[in-house]
Amino acid sequence: MLIYFNGKFVKKEMARVSVFDHGLLYGDGVFEGIRSYNCLVFKLKEHIDRLYASAQGISLKIPMNKQQMQKAVIDTLKANRLKDAYIRLVVTRGEGDLGLDPRNCVKPTIFIITDKIALYPQELYKKGLTIVTVPTRRNIPEAINPQIKSLNYLNNILGKIEAINAGVPEAIMLDQSGFVTECTGDNIFMIKNKELMTPPAYAGILNGITRSCVLDLAPQSGLKPKECMMTRFDLFNADEVFLTGSAAEIIPVVKMDSRLIADGKVGPYTLKLIENFRKLTKKEGARYAL
Ligand code: PXG
């Protein structure tokens with residue numbers, strides 16, 4: 001496996017960051033999780049745009065432009081001869097000293113890992129997930145804005161630990177007032193009376209790229225898209241619930257906090273959206289040849 005590391009390709013064993021890298025010392029950095037499907041990098045431009053927006057959000061200047069970054073992603077896929085892949089793109093503040101001051105870090109560390117995809121088991125897409133609401137609240141946007149996809153994921157990891165302790169794979173995280181925000185690594189949607197609803201970006205969520213695609217797919221799937229605040233009460237009364245993310249794509253939820261959603265079966269609109277989303281991944285993206 002070859003890793004893109006500060007402009008060069010190095011073997012996995014040789015790809016090492018310094019113990020003085022502020023990405024490690026302070027979680028000071030940003031990242032992206034991207035997918036490629038049959039030599040198409042899905043929504044590459046959108047992921048690169050979000051990476052640069054996250055970097056801007058933490059005053060981190062990435063020392064290459066967006067075109068160069070797109071090329072680096074594609075070159076890494078080619079170097080590893082991967083048609084279908086999970087791509088992890090990371091930019092840290094770089095190596096510095098033991099102080100917080102980012103000015104000590106003169107050169108950001110940039111690396112790209114391309115690997116095979118580890119997915120939820122296929123049967124969960126047919127049977128649906130069970131999830132719980134966890135006590136840990138989502139970061140408030142005024143402290144660390146969840147729109148920044150930063151290397152500081154402890155808030156999400158605390159939520160994930162609580163889900164795992166409850167015996168389920170994902171957690172619903174609420175905001176300070178008790179409104180639903182998102183899951184630890186996925187956005188959340190509900191369908192009620194042919195309306196497709198998801199919390200707005202200002203609810204304190206990561207503005208997911210899969211989320212945007214699903215909102216765009218609503219009309220052709222017979223649904224009216226709507227961004228609105230929602231509570232657990234709304235989810236308990238939903239016709240259908242599902243999660244979205246680059247890794248999970250669209251995954252149905254059939255049980256939440258030990259209660260069935262509707263009849264506890266994966267709903268028809270969720271199945272339609274999954275079908276339409278899969279069509280999209282087959283035709284859209286940045287194409288490359290091996
Ligand atoms: N919310 C959070 C907090 C996320 O981290 C999403 C929503 C979905 O966003 P996208 O743009 O992917 O639709 C994410 C994304 C991983 C992994 O390795 C995590 C994500 C994406 C890909 C892989 O756990 N999170």
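Residues numbered from 1 in each chain as written. Predicted model: local features only at pLDDT ≥ 70, side-chain atom pairs only at ≥ 80, totals over all residues. Heavy atoms only, no water.

*Asks:* Pulling in residues and values, what's your account of the domain arrangement of the protein?
*Replies:* Domains assigned within the protein are domain 1 (2-115) and domain 2 (122-280). Placing the centre of domain 1 and that of domain 2 at their C-alpha centroids yields a distance of 27 Å. For the pair domain 1 and domain 2, the summed buried area comes to about 1,500 Å², and 66% of that belongs to carbon and sulfur atoms. The residue glutamate 249 makes a salt bridge to arginine 35 at a minimum N-O spacing of 3.5 Å. Joining domain 1 to domain 2, the criterion identifies eight residue pairs in polar contact (both at pLDDT 80 or more). Among the secondary structure elements, those contributing two or more residues to the side of domain 1 that touches domain 2 are α1 (22-26), β3 (29-37), α2 (44-57) and β5 (85-92). If one sorts the elements of the side of domain 1 that touches domain 2 by residue count, β3 sits on top with seven residues. (Domains from an automatic or database assignment. Buried area = accessible area lost by both parts, 1.4 Å probe. Salt bridge = Lys/Arg side-chain N within 4 Å of Asp/Glu carboxyl O. Polar contact = N/O pair within 3.5 Å; in protein donor to acceptor, adjacent residues only side chain to side chain. Helix = DSSP H or I, 4+ residues; strand = E, 2+ residues; numbered from the N terminus.)

*Asks:* I'd love a proper account of the nonpolar core, names of residues and values included.
*Replies:* Residues Val41, Ile62 and Met69 are the most contacted members of the largest nonpolar core, which totals 29 residues. The residues contacting valine 41, other than those within four sequence positions of it, are Ile34, Arg35, Ser36, Ile74, Leu77, Ile87, Gly285, Ala286 and Tyr288. Residues Ile131, Val180, Ile188 and Met190 belong to the second largest nonpolar core, which totals 24 residues. (Core = buried A, V, L, I, M, F, W, Y, C linked by side-chain atoms within 4.5 Å. Buried < 20%, exposed > 50% of the residue type's maximum accessible area, 1.4 Å probe, protein only. Contact = heavy atoms within 4.5 Å.)

*Asks:* Kindly report on the site of the ligand, identifying the contributing residues and their values.
*Replies:* Taken together, 20 residues surround the ligand, and among them Tyr153, Glu182, Ile209, Thr210 and Ser246 come closest. Here lysine 149 contributes a side-chain N or O atom positioned 3.2 Å from an oxygen atom of the ligand. In isolation the ligand has 550 Å² of accessible area, and contact with the protein removes 86% of it. With respect to the detected pockets, the ligand is housed in the largest pocket. At the level of elements, β5, α6 (209-217) and β13 (240-245) are the ones that each hand at least two residues to the shell around the ligand. Its residues placed into classes, the shell around the ligand shows five nonpolar, nine polar and six charged. Mapped onto the domain boundaries, the shell around the ligand takes at least three residues apiece from domain 1 (2-115) and domain 2 (122-280). (Near = heavy atom within 4 Å. Areas by Shrake-Rupley, 256 points an atom, 1.4 Å probe, with all protein chains shown as cover. 1 Å grid on protein atoms, 1.4 Å probe; cavity = no way out; pocket = protein on both sides within 12 Å on 5 of 7 lines; lining within 4 Å. Sits in = over half its atoms within 2 Å of the grid points. Nonpolar A, V, L, I, M, F, W, Y, C, P; charged D, E, K, R; others polar.)

*Asks:* How would you summarise the pairing of strand β10 (residues 187-192) if you had to cite specific residues and measurements?
*Replies:* Across the six residues of β10, five count as buried, placing the element largely inside the fold. Looking at chain direction, β10 and β13 are connected through five bridges and run antiparallel. Within β13, the position partnered with methionine 190 by the bridge is valine 241. Across three bridges, β10 lies against strand β11 (residues 195-198) in antiparallel orientation. (Pairing = 2+ DSSP bridges.)

*Asks:* Break down a nonpolar patch on the surface for me, citing the residues and quoting the values.
*Replies:* Together, Val19, Phe20, Leu24, Leu25, Tyr26, Leu98 and Leu100 make up a nonpolar patch on the protein surface, roughly 690 Å² of accessible area in all. For leucine 25, the location among the structural elements is in helix α1. (Patch = residues over 30% accessible without salt bridge, like charges linked within 9 Å, V, L, I, M, F, W, Y side chains within 5 Å.)

*Asks:* Describe in detail the environment of threonine 136, supporting the description with residues and values.
*Replies:* Take threonine 136: it is sitting in the loop between β7 (129-133) and α5 (154-165). Between the alpha carbons of threonine 136 and leucine 151 there is a distance of 19 Å; along the sequence they are 15 residues apart. When near neighbours in sequence (up to four residues on either side) are disregarded, threonine 136 contacts Asn155, Leu158, Glu162 and Met173.

*Asks:* So, the packing of aromatic side chains: which residues are in play, and what are the values?
*Replies:* In the structure shown here, the tally under the stated rule is six aromatic pairs. Judged by centre distance (6.2 Å) and plane angle (15°), the ring pair of phenylalanine 5 and phenylalanine 111 falls under stacked. Linking phenylalanine 5 in strand β1 (residues 2-5) with phenylalanine 111 in strand β6 (residues 109-115), this pair joins segments that are 106 residues apart in sequence. An identical accessibility class is assigned to phenylalanine 5 and phenylalanine 111; each is buried. Arranged with centres 6.0 Å apart and planes meeting at 85°, the rings of tyrosine 37 and phenylalanine 42 form a pair that is edge-to-face. Here the two residues tyrosine 37 and phenylalanine 42 agree in accessibility, since each one is buried. Above the plane of the ring of phenylalanine 236 lies arginine 259, whose end atom (NZ or CZ) is 3.8 Å from the centre. Looking at arginine 278, its charged tip hangs above the ring of tyrosine 125, at a distance of 5.5 Å from the centre. (Phe/Tyr/Trp six-rings, centres within 6.5 Å; stacked < 30°, edge-to-face > 60°. Lys NZ or Arg CZ within 6 Å of the ring centre and 35° of its normal.)

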